Amino acid sequence: MDYLIISDTHGDRQILVDIVNHYQGHVKSMFYNGDSELKRSDELFDTLLPVIGNMDTDPMFPDDRDYQDKYLKLYQTHGHLVHTELSLNHLREVVAPKDVDVVTSGHTHMLGAEMIDGKLFVNPGSISLPKGTYAYLKGTYALLSVEPEQFHVQFYTRDMQPVPELVFEFNR
Ligand SMILES: [Mn+2]
């Protein structure tokens, strides 16, 4: 079962339209990790599951989300409320008591996928304003594939092409 994770468009609405149109009906859920700078009432959020970012002004966005379906238990937050720009320590504390498989955030604009404390932490990077080692890709998002024994995370570029060196497998 596949899930789309995307974040930090900062006003670049068209890329969300393109990606939603591309993936709608092909993934189980689409997570939007904040800093769209759009309204919660935007029709994109009929499809994308959002949380509030530090650059979002609409208080109708939730701070975070506990998501569960028959394949996946996931916690989603932007990251500024737990200061992920400094470290993942506070976020690790927040999710420690939670029965979740995956923790996803944005905010840093730096992509990442790593297993911490038995949970898979995924940051899709920013699709519009990437920073860090992979900023040269000009923006990324992630596809999470959930299997009974494994997770796969593949990062993609704005033209919806997989980045060959950015595919990761984790045993559950
Ligand atoms: Mn941001």
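Predicted model only: the values in this text are computed from it and were never measured.

Pulling in residues and values, what's your account of the overall build of the protein chain?
Each helix and strand in the protein chain was counted, giving two helices and eleven strands. The secondary structure elements of the protein chain, listed N-terminal to C-terminal, are β-α-β-β-β-β-α-β-β-β-β-β-β. Here the C-alpha atoms of the protein chain give a radius of gyration of 14 Å, agreeing with the 16 Å that 2.2 N^0.38 yields for 172 residues. For the protein chain, the spread of C-alpha atoms along the three principal axes comes to 35 × 35 × 35 Å.

Hey, could you go over the side chain of Thr77 for me, with residue numbers and the actual values?
Tracing the chain through its elements places Thr77 in strand β5 (residues 73-77). On the accessibility criterion, Thr77 (4% relative accessible area) is buried. At 2.9 Å, the side chain of Thr77 and the backbone oxygen of Asp63 are in polar contact. With near-sequence residues (within four places) excluded, Thr77 lies in contact with Asn33, Val51, Asp63, Asp64, Leu91, Thr104, Ser105 and Gly106.

Tell me what's going on with the pattern of salt bridges, and back it up with residues and numbers.
Enumeration according to the criterion identifies six salt bridges in this entry. Asp66 is the partner of Lys98 in a salt bridge, and the nearest nitrogen-oxygen pair spans 3.1 Å. Here Lys98, found in the loop between α2 (89-95) and β6 (102-104), pairs with Asp66, found in strand β4 (residues 64-68); they are 32 residues apart in sequence, far enough to count as distant. A salt bridge links Arg172 to Asp101, with the shortest nitrogen-to-oxygen separation between them at 3.5 Å. Residue Arg172 is found in the segment after β11 (162-171), and its partner Asp101 is found in the loop between α2 and β6; the two are separated by 71 residues along the sequence.

Talk me through the sheet that holds strand β10 (residues 150-157); I want residue IDs and the actual numbers.
Spatially, the six strands line up as an open sheet ordered β3-β2-β1-β9-β10-β11, and their pairing is mixed. Each edge of the sheet is formed by a strand with only one pairing partner; in this case those strands are β3 (48-50) and β11. Neighbouring strand axes in the sheet, compared pairwise and without regard to direction, differ in orientation by 25° on average. With seven bridges connecting them, strand β9 (residues 140-146) and β10 associate as antiparallel partners. For Val146, the partnering residue across the bridge sits in β10 and is Phe151.

Here is what the cut-offs are and how they apply
- Residues numbered from 1 in each chain as written.
- Predicted model: local features only at pLDDT ≥ 70, side-chain atom pairs only at ≥ 80, totals over all residues.
- Heavy atoms only, no water.
- Helix = DSSP H or I, 4+ residues; strand = E, 2+ residues; numbered from the N terminus.
- Rg over C-alpha atoms; globule rule 2.2 N^0.38 Å.
- Buried < 20%, exposed > 50% of the residue type's maximum accessible area, 1.4 Å probe, protein only.
- Polar contact = N/O pair within 3.5 Å; in protein donor to acceptor, adjacent residues only side chain to side chain.
- Contact = heavy atoms within 4.5 Å.
- Salt bridge = Lys/Arg side-chain N within 4 Å of Asp/Glu carboxyl O.
- Pairing = 2+ DSSP bridges.
- Axes fitted to C-alpha atoms, helices over the stretch in contact; angles between N-to-C directions.

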